[in-house]
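Listed here are the chains, written in short residue letters.
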Amino acid sequence: MRSESPSGQRGDLRFVQDVISESRSDRERRHEVLRRARRSRVRARNLRQDAVYFRDVALAQRWRLWSAGVVAEPPSLIPASWSTPQARDVEELLDRAATACLDCRDATVEFGATRALAALADVTAGHRLGSGHELHFFISATARLIDRLEPSLAADDPEAILRLSAMRRCREACRAALVALSG
Amino acid sequence: MPSRKELVRTEILFREVNEHIVELTDAGQTGEPVILLCECGRPDCLVQIEVTAAVYAAVREHATYFIVLPGHVAPEIERVVHREDRYLVVEKVGSAGELAREHEPEG
């Protein structure tokens with residue numbers, strides 16, 4: 001029912017504005033949740049692939065040790081193929097670097113001394129689909145900024161250890177991506 | 001030796017990172033300190049500079065102004081417009097200025 005008095009109309013207008021504003025903030029929250037879910041899926045997929053990759057590497061090495069007579073017992077698993085696991089392609093390495101950068105950002109953003117790194121890592125991840133020059137620049141800068149910051153950061157509590165660990169993983173992923181980009 | 005265009009491009013990329021640092025710091029335009037990266041044209045620089053959010057906001061009002069460390073000025077593309085002990089504010093000139101304006105951050 002519509003209000004006829006001016007004060008009632010003002011109330012209606014305010015109500016409509018509240019509804020619009022609430023709906024807008026709901027939409028933003030929904031986008032944020034979807035974005036996080038997408039990132040979690042990508043991270044889970046990467047971790048699964050990592051697990052398979054490292055299992056294969058370990059298996060190949062155990063078979064090699066047995067073949068060389070270093071260990072007496074053969075591995076209990078037979079590898080699906082005898083070829084050495086192949087290096088991953090550039091796109092996959094870039095995906096990994098971008099994911100590692102997002103993890104690094106999350107781990108470093110709340111700490112003043114590493115906030116510049118958090119911003120750089122975030123920008124790097126955002127340029128994952130960007131042009132060659134810019135992507136190379138940001139990945140390289142991220143790895144080098146971690147090199148620069150790492151010696152000054154103490155690992156004296158669990159949070160600091162997690163932060164350093166995320167930074168190191170990010171640096172490794174960035175270096176691997178850089179090697180792939182250069183090759 | 002990087003070309004003039006490469007120098008400006010590098011500085012623009014560092015400016016993009018600094019914009020994001022300020023967003024993450026959430027200091028607005030206050031006297032809160034913000035730790036930025038030197039916006040010079042050396043891709044291997046990555047030295048941090050501490051300024052207040054207000055100083056940074058004042059610099060960003062000009063599309064052609066950048067914050068660099070003393071000694072990191074590239075005279076072929078920029079001139080110093082403000083000096084402090086810990087940092088300098090430089091203005092891109094000529095085609096470097098046009099490029100900086102072209103890539104000015106939004107907002």
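Residues numbered from 1 in each chain as written. Chains lettered and ligands numbered in written order. Predicted model: local features only at pLDDT ≥ 70, side-chain atom pairs only at ≥ 80, totals over all residues.

Chemist: Would you mind showing me how to read the overall build of chain B here?
Modeler: Scanning chain B from terminus to terminus reveals three helices and five strands. Along the chain direction, N to C, the helices and strands of chain B fall in the order α-β-β-α-β-β-β-α. Per-residue burial for chain B yields a buried fraction of 39% across its 107 residues. Look at the contacts in chain B between residues 6 or more apart in sequence, and 48% of them connect residues 24 or more apart. (Helix = DSSP H or I, 4+ residues; strand = E, 2+ residues; numbered from the N terminus. Buried ≥ 20, exposed ≤ 12 C-beta atoms within 10 Å, placed from the backbone. Contact = placed C-beta atoms within 7 Å.)

Chemist: Help me understand the overall build of chain A in this model?
Modeler: For chain A, the count of helices and strands is five helices and zero strands. Secondary structure elements of chain A occur, N-terminal to C-terminal, as α-α-α-α-α. With 183 residues in all, chain A has 23% of them scored as buried. A fraction of 58% describes how many contacts in chain A between residues 6 or more apart in sequence connect residues 24 or more apart.

Chemist: Just checking my understanding: could you explain helix H2 (residues 90–108) of chain A for this structure?
Modeler: For H2(A), with 19 residues, the first-to-last C-alpha span of 26 Å sits near the 27 Å given by 1.5 Å per residue. Of all the 19 residues making up H2(A), 14 are buried; the element is thus mostly covered by neighbouring parts of the structure. (Expected span 1.5 Å × (residues − 1).)

Chemist: Teacher, can you tell me more about unusual backbone geometry here?
Modeler: Excluding glycine, residues mostly have negative phi values, and the peptide bonds linking residues are mostly trans. Positive phi, close to 55°, is recorded for B:Leu46, a residue that is not glycine. When you line up the elements, B:Leu46 lands in the loop between strand S1 (33–37) and strand S2 (48–52).

Chemist: What am I meant to see in the sheet that holds strand S3 (residues 65–68) of chain B here?
Modeler: The pairing of strands in a sheet comes from backbone hydrogen bonds and takes either a parallel or an antiparallel form. All names here are of chain B. Strand order in the open sheet made by the three strands is S3-S5-S4, with antiparallel pairing throughout. Each end of this open sheet is capped by a strand with a single partner; those strands are S3 and strand S4 (78–83). Put simply, the sheet's adjacent strands are angled 35° from each other on average, direction ignored. By the bridge criterion, four bridges tie S3 to strand S5 (residues 88–92) in an arrangement that is antiparallel. By the bridge assignment for S5, Val-68 is matched with Leu-88. (Pairing = 2+ DSSP bridges. Axes fitted to C-alpha atoms, helices over the stretch in contact; angles between N-to-C directions.)

Chemist: Sorry if this is basic, but what is going on with the interface of chain B and chain A here?
Modeler: Reports often express the size of an interface as the amount of accessible area lost when the parts come together. Across the contact, 14 residues belong to chain B and 15 residues belong to chain A. Put simply, the parts of the chain that give the side of chain B that touches chain A at least two residues each are helix H1 (4–25) and S1 of chain B. The greatest single-element share of the side of chain B that touches chain A, amounting to seven residues, is contributed by H1(B).

Chemist: In this structure, what is going on with H1(B)? I would like to understand it.
Modeler: An α-helical turn contains 3.6 residues, so any two residues separated by three or four positions project in the same direction. A rise of 1.5 Å per residue sets the reference length of H1(B), with its 22 residues, at 32 Å; its end C-alpha atoms lie 31 Å apart and thus fit the reference within 8%. At the exit of H1(B) stands B:Asp26, carrying a positive phi of roughly 60°.

Chemist: Sorry, what's going on with the pairing of S5(B) here?
Modeler: On any regular strand, side chains alternate: one points to one face of the sheet, the next to the other face. Residues and elements named next belong to chain B. Of all the five residues making up S5, four are buried; the element is thus mostly covered by neighbouring parts of the structure. When S4 meets S5, the two strands line up antiparallel, connected through five bridges. Directly across from Arg-83, in S5, lies its bridge partner Leu-88. Count of turn residues in the S4/S5 antiparallel hairpin: four residues.

Chemist: I tried to follow the confidence of the model for chain A on my own but got confused; where do I start?
Modeler: A low pLDDT score tells you not to read the predicted coordinates there in detail. Residues with a pLDDT of 70 or more make up 91% of chain A, whose mean pLDDT is 84. Averaged over each element, pLDDT in chain A is lowest for helix H1 (residues 6–67) of chain A (82) and highest for helix H3 (residues 115–126) of chain A (94). (pLDDT = per-residue confidence, 0-100.)

Chemist: Looking at this structure, how should I read the packing of H1(A) against H2(A)?
Modeler: Each packed pair of helices is defined by two parameters, the angle between the axes and the distance between the axes. Residue and element names in this part refer to chain A. Where H1 contacts H2, the axes come no closer than 11 Å and their chain directions differ by 120°. The angle between H1 and H2 places the two elements in the oblique class. Once H1 is placed against H2, the crossing between them reads as left-handed. Every residue of H2 that contacts H1 at Arg-39, Val-42, Arg-43 and Asn-46 is listed here: Arg-96, Thr-99 and Leu-102. (Parallel < 35°, antiparallel > 145°, perpendicular 65-115°, else oblique. Left-handed = near helix turned anticlockwise from the far one by under 90°.)

Chemist: Please explain the nonpolar core as it appears in this structure.
Modeler: Looking at soluble globular proteins, one finds that nonpolar side chains tend to be buried together. The biggest cluster of nonpolar side chains holds 61 residues, and the ones touching the most others in it are A:Ala97, A:Cys101, A:Cys104, A:Leu120, A:Cys170, B:Leu36 and B:Ile67. Looking at this core, the element that brings in the most residues is H2(A), giving nine residues. (Core = buried A, V, L, I, M, F, W, Y, C linked by C-beta atoms within 7 Å.)

Chemist: For this particular structure, what's the right way to read the packing of H3(A) against H1(B)?
Modeler: In contact at an axis separation of 8 Å, H3(A) and H1(B) are set at 120° when each is read in the N-to-C sense. Between H3(A) and H1(B), the crossing angle belongs to the class labelled oblique. Pair H3(A) / H1(B) crosses with right-handed handedness. For the pair H3(A) and H1(B), contact is made by A:Arg115, A:Ala116, A:Ala118, A:Ala119, A:Leu120, A:Asp122 and A:Val123 and by B:Glu16, B:Val17, B:His20, B:Ile21, B:Leu24 and B:Thr25, respectively. A per-class count over the contact of H3(A) with H1(B) returns eight nonpolar, two polar and three charged. (Nonpolar A, V, L, I, M, F, W, Y, C, P; charged D, E, K, R; others polar.)

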